[in-house]
Amino acid sequence: MRAIIQRVSEASVSIGGQVRGAIQIGLVVLLAVEEADTPEDIEWLSGKIVRLRIFPDDNGVMNRSAQEVGGDVLLISQFTLFASTKKGNRPSYTRAARPEIAIPLYDAFSRRLTEGLGKAVRTGEFGADMKVSLVNDGPVTIVIDSKNRE
């Protein structure tokens, strides 16, 4: 699994002109699933995101997690995070899992993130044409890959 995590002051996702999910202070998580992903990847990555200390403490130091500040999470599926641009100019997405594999893992990830955060995670819709709006706070943007453990 590969995730891009952005600390936000607000964010929303719309599908067909209708807001599907919206948050205030928290994280936008763009998530890609590959066929080799397992429940262990879900557990490790969701735990890392919930405990990631990227919110300021009273001294302005990034020392608090979304869980500690009561932040929300907006989770968006994004298979293009596994794009390969090695050959030519048209990206290849062969590393991204097919929907029959990716959807159950994405859903399990969402449930595990909800459990770890202690409140419902907002989501887009897997495979939909989504419009994501956000105000990146900081800006703070972090890329994490569950296979590299970084």
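In what follows, the accompanying structure is described. (Residues numbered from 1 in each chain as written. Predicted model: local features only at pLDDT ≥ 70, side-chain atom pairs only at ≥ 80, totals over all residues. Heavy atoms only, no water.)

Here we look at the side chain of Asp145
Point 1. Structurally, Asp145 is set in strand β8 (residues 130-145).
Point 2. On the basis of relative accessible area, Asp145 is assigned to the buried category, the value being 5%. (Helix = DSSP H or I, 4+ residues; strand = E, 2+ residues; numbered from the N terminus. Buried < 20%, exposed > 50% of the residue type's maximum accessible area, 1.4 Å probe, protein only.)

What about the packing of helix α1 (residues 39-51) against helix α3 (residues 99-117)?
Point 1. Packing of α1 against α3 brings their axes to within 9 Å, and their N-to-C directions diverge by 40 degrees. As summarised for this structure, α1 and α3 are arranged oblique, according to the angle between their axes. For the pair α1 and α3, the sense of crossing is right-handed. When α1 is examined against α3, the residues Ile42, Glu43, Leu45, Ser46, Ile49 and Val50 are found in contact with a partner set consisting of Leu105, Ala108, Phe109, Arg112, Leu113, Gly116 and Leu117.
Point 2. Across the contact of α1 with α3, the residue classes tally to nine nonpolar, two polar and two charged. (Axes fitted to C-alpha atoms, helices over the stretch in contact; angles between N-to-C directions. Parallel < 35°, antiparallel > 145°, perpendicular 65-115°, else oblique. Left-handed = near helix turned anticlockwise from the far one by under 90°. Contact = heavy atoms within 4.5 Å. Nonpolar A, V, L, I, M, F, W, Y, C, P; charged D, E, K, R; others polar.)

Notes on the nonpolar core
Point 1. Residues Ile5, Leu27, Leu31, Ile49 and Phe109 are the most contacted members of the largest nonpolar core, which totals 27 residues.
Point 2. Every element with two or more residues in this core is listed here: β1 (2-15), β3 (26-32), α1, β6 (72-77), α3 and β8.
Point 3. With six residues, α3 is the single largest residue contributor to this core.
Point 4. With near-sequence residues (within four places) excluded, Phe109 lies in contact with Met1, Leu31, Ile42, Leu45, Ser46, Ile49 and Leu75.
Point 5. If you look at the next biggest cluster of nonpolar residues, it comprises 14 residues, including Val13, Val28, Leu30 and Phe82. (Core = buried A, V, L, I, M, F, W, Y, C linked by side-chain atoms within 4.5 Å.)

Quick look at unusual backbone geometry
Point 1. Cis geometry is found at the peptide bond from Gly138 to Pro139, where omega equals -5 degrees.
Point 2. Position of Pro139 relative to the elements: it lies in strand β8.

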